[in-house]
Amino acid sequence: MMVACYFWCVLQLVVLGLVASEDPYRYFNWNITYGDIYPLGLKQQGILINGQFPGPEIYSVTNDNLIINVYNNLPEPFLLSWNGIQQRRNSFQDGVYGTTCPIPPGKNYTYKLQVKDQIGSFFYFPSLAFHKAAGGFGAIKILSRPRIPVPFPDPSGDFSVLIGDWYNINHKTLKAVLDYGHKLPFPQALLINGRANATSFTVEQGKTYRLRISNVGLQNTLNFRIQGHKMKLVEVEGIHTVQTTYSSIDVHVGQSYSVLVTADQPAQDYYIAVSTRFTKKLLTTTAILHYSNSQRSVSGPIPSGPTAQFDWSLNQAQSIRTNLTASGPRPNPQGSYHYGLINISRTIILESSASQVQRKQRYAVNSVSFIPTDTPLKLADYFKIGGVFQVGSIPDMPSRKPMYLDTSVMGADFRAFVEIVFQNRESIVQSWHIDGYSFWVVGMDGGVWTPASRNQYNLRDAVYRCTTQVYPKSWTAIYMALDNVGMWNVRSEFWARQYLGQQFYMRVYSPVGSIRDEYLIPDNALLCGKAAGRTTKSP
Ligand SMILES: *[C@@H]1O[C@H](CO)[C@@H](O)[C@H](O)[C@H]1NC(C)=O
Ligand SMILES: *[C@@H]1O[C@H](CO)[C@@H](O)[C@H](O)[C@H]1NC(C)=O
Ligand SMILES: *[C@@H]1O[C@H](CO)[C@@H](O)[C@H](O)[C@H]1NC(C)=O
Ligand SMILES: *[C@@H]1O[C@H](CO)[C@@H](O)[C@H](O)[C@H]1NC(C)=O
Ligand SMILES: *[C@@H]1O[C@H](CO)[C@@H](O)[C@H](O)[C@H]1NC(C)=O
């Protein structure tokens, strides 16, 4: 009786969360090297993580602590960043140039990340020196905690599918092309999990699988589809969606989608196809959906993607909505935060542009083309080192000035609720990402945004994500609750544009200076530039 009660009482305490137990830890040791890869069949230099291209998958559960010790064995500085991991109160670990010192060659740095209150599908990538064109990226999965309901049955398998455009040109050559002031050329091919026309996913007939598709490429929107099979969309960058069935999905660069696919067709092999969208030249790559009891290899034509252009894609984007009654990372429904009822404290309009500055190709936001400094902005801010950046060096609205270079930082108040309009006057599809946050994509449409565009906002069940596309000569509007203090990168995911200045930092500031709002600098933080020689130890 005693024993039973003891067991039962402890169980109850655990269930009620009354036993102070620390969130679990997962440890990773990663060795970053250059090595030979053969994505298109021919030898190329790639960036490997523990010998792998793409890098190892990170499997985690909500609130896990991820301790990732990265040994840089490249002959040059290196950093990893974490697309979609919110780094709550901890922009120090974000792994982009404005927050974190590069890991010097031959040295290591241990990231201590917590996937606090997150679920879903994301990826990591190398953020410096155009390394992303050589690999070093991989998938991140965050599963729900065991007692939190998930709005679909447990799938029989959970595959990461990293798709992206690829160059057979060495990334250092691509970087040199950009450094000389030229545009990035068109890619040679597309890859699915690091291979063209060579990856295979094995499924059992009758079972249902989850595919987590992330576009880890450099610039192109890709369409994803499976011969003879439908896809049920269930998750977008950490939100459970209304479960709509699609026969193909447009994945813009930097975005992630989870779909369920049921192996409900005759036992054979089927094409998985990925192709470029909105390009003059069409690139296509395939993989194989292999039924374990397959009677036949792939046959028939490779399924073709939508030929309709932007309207099809815009309609699909507008159909993606949050399932308000499903749980997210917590047991309460995702719809319990009524974002549509909150008053906006500030409207920011961000207009991107492409132009030459001093006869070199550059890209800008509100006419400012970002240039990095020798000191990460977050460290300059933390140690109060002057002369590195100025808050307010990018305006809230398009200025119509000729493009100019600056280390652009926008100031913002902790707890403000902002509306951001991405205005695209160019003829390409843009993709915007904000570190440290997810945001509600309340509207997108053709033309120029005006205050009257608010009448068509979805203030009920807009999707809540961290990367959004903006169609050519169109706008996309987002709402964002500034609940995460720090220095956060706002960037184009079109990688040449990011590299040549289409990014800035948003400094979300609280005057209180409490560790309830922002952690202290990590003890092991690398210090560089004007922060070299400072101390990270708290007094
Ligand atoms: C990393 O890989 C390189 C090359 O294979 C090897 O020389 C080195 O010892 C490895 N370092 C660690 C920490 O495993
Ligand atoms: C490098 O790795 C060692 C363990 O091998 C660890 O103790 C140390 O903190 C790491 N360095 C940094 C800067 O994180
Ligand atoms: C939304 O989630 C709920 C709760 O899990 C589920 O019962 C319902 O089928 C979902 N609705 C749609 C349209 O996906
Ligand atoms: C992969 O297959 C597609 C479709 O057959 C073809 O167009 C493409 O050139 C192939 N890619 C490579 C790198 O072989
Ligand atoms: C929003 O603003 C309106 C008009 O100023 C005001 O009546 C309302 O109470 C505000 N709502 C919230 C949630 O602050």
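Since we're looking at a predicted model, the values are computed, not measured.

(A) Up close: the site of ligand 4. The full set of residues close to ligand 4 is Leu40, Ala196, Asn197, Thr284 and Ile302. Residue Asn197 places a side-chain N or O atom 2.4 Å away from an oxygen atom belonging to ligand 4. Summarising the interface, the protein chains cover 48% of the accessible area of ligand 4, which totals 360 Å² for the free molecule. Grouping the amino acids of the shell around ligand 4 by side-chain chemistry returns 3 nonpolar, 2 polar and no charged.

(B) The arrangement of the sheet that holds strand β24 (residues 390–391) in detail. Strand order in the open sheet made by the 6 strands is β24-β26-β34-β33-β28-β31, with mixed pairing throughout. Each having just a single partner strand, β24 and β31 (467–470) make up the two edges of the open sheet. Relative to strand β34 (residues 503–509), strand β26 (residues 408–413) runs parallel, the two being bridged by 5 bridges. Among the inter-strand pairings, Gly411 is bridged to a residue of β34, identified as Arg507.

(C) Just unusual backbone geometry, in detail. Geometrically, the link from Phe53 to Pro54 is a cis peptide bond, its omega value of -10° lying close to zero. For Pro54, the location among the structural elements is in the loop between β2 (44–49) and β3 (58–61). Positive phi, normally seen in glycine, also occurs at Asn63, with a value near 75°. Relative to the helices and strands, Asn63 resides in the loop between β3 and β4 (65–72). If you check the backbone angles, Glu237 has positive phi at about 45° while not being a glycine. Residue position: Glu237 is located in the loop between β14 (231–236) and β15 (239–240). Overall, Glu237 belongs to the buried group, its relative accessible area being 2%.

(D) Just the state of the cysteines, in detail. Applying the stated criterion across every chain yields a total of 1 disulfide. Note that Cys101 is cross-linked by a disulfide to Cys528, the S-S spacing being 2.1 Å. Taking the sign of the torsion about the S-S bond as the criterion, the disulfide between Cys101 and Cys528, at about -85°, is left-handed. Of this pair, Cys101 sits in the loop between β5 (80–83) and β6 (108–114) while Cys528 sits in the segment after β34, and the two are 427 residues apart along the sequence. On the basis of relative accessible area, Cys101 is assigned to the buried category, the value being 2%.

(E) Looking closely at the pairing of strand β28 (residues 430–434). Counting buried positions along β28 yields 5 of 5 residues, so the element is predominantly enclosed. A two-sided burial pattern is seen for β28, the buried positions comprising Gln430, Trp432 and Ile434 on one face and Ser431 and His433 on the other. Here β28 pairs with β31 via 4 bridges, running antiparallel. Considered in β31, the bridge of Trp432 is made with Thr468. Across 3 bridges, the pairing between β28 and strand β33 (residues 486–492) is antiparallel. What sits directly across from Trp432, in β33, is Ser492.

(F) Looking closely at the sheet that holds strand β19 (residues 269–276). If you walk across this open sheet you meet the 5 strands as β11-β20-β19-β13-β17, and the pairing is mixed. The open sheet is flanked by β11 (200–203) and β17 (249–251), the only strands paired with a single partner. Averaged over all neighbouring strand pairs, the angle between strand axes comes to 25°, with direction disregarded.

(G) Seen up close, the environment of Trp488. Mapped onto the elements, Trp488 comes out in strand β33. Along the primary structure Trp488 and Met410 are separated by 78 residues, whereas in three dimensions their C-alpha atoms are 9.7 Å apart. The residues contacting Trp488, other than those within four sequence positions of it, are Gln86, Gln87, Asn90, Ser91, Asp94, Asp435, Gly436, Tyr437, Phe504, Tyr505, Met506 and Val508.

(H) Quick peek at the site of ligand 2. Around ligand 2 sit Asn69, Tyr71, Asn108, Tyr109, Thr110, Asn524 and Leu526, and those are all the residues in its vicinity. Tyr71 places a polar side-chain atom, nitrogen or oxygen, 2.8 Å from an oxygen atom of ligand 2. Thr110 is positioned with one of its backbone polar atoms (N or O) 2.9 Å from an oxygen atom of ligand 2. Protein contact buries 53% of the 360 Å² of open area that ligand 2 shows by itself. Breaking the shell around ligand 2 down by element, the ones donating at least two residues are β4 and β6. Here the shell around ligand 2 is composed, by residue class, of 3 nonpolar, 4 polar and no charged.

(I) Molecular detail of the domain arrangement of the protein. Taken domain by domain, the protein holds domain 1 (17–143), domain 2 (157–319) and domain 3 (337–524). Counting residues at the interface gives 29 residues for domain 1 and 34 residues for domain 2. Ranking the residues of domain 1 by area buried against domain 2 places Leu40, Ser121 and Phe130 at the top, with a combined share of 24%. Our count for the domain 1 to domain 2 interface comes out at 1 salt bridge. Across the pair Lys141 and Asp158 runs a salt bridge, and its minimum N-O distance is 3.3 Å. In this assembly, domain 1 and domain 2 are joined by 13 residue pairs in polar contact (both at pLDDT 80 or more). Counting residues per element, the ones that place at least two in the side of domain 1 that touches domain 2 are β1 (25–37), β2, β7 (120–126) and β8 (138–143).

Scoring rules and cut-offs
- Residues numbered from 1 in each chain as written.
- Chains lettered and ligands numbered in written order.
- Predicted model: local features only at pLDDT ≥ 70, side-chain atom pairs only at ≥ 80, totals over all residues.
- Heavy atoms only, no water.
- Near = heavy atom within 4 Å.
- Polar contact = N/O pair within 3.5 Å; in protein donor to acceptor, adjacent residues only side chain to side chain.
- Areas by Shrake-Rupley, 256 points an atom, 1.4 Å probe, with all protein chains shown as cover.
- Nonpolar A, V, L, I, M, F, W, Y, C, P; charged D, E, K, R; others polar.
- Pairing = 2+ DSSP bridges.
- Helix = DSSP H or I, 4+ residues; strand = E, 2+ residues; numbered from the N terminus.
- Buried < 20%, exposed > 50% of the residue type's maximum accessible area, 1.4 Å probe, protein only.
- Disulfide = S-S within 2.5 Å.
- Axes fitted to C-alpha atoms, helices over the stretch in contact; angles between N-to-C directions.
- Contact = heavy atoms within 4.5 Å.
- Domains from an automatic or database assignment.
- Buried area = accessible area lost by both parts, 1.4 Å probe.
- Salt bridge = Lys/Arg side-chain N within 4 Å of Asp/Glu carboxyl O.

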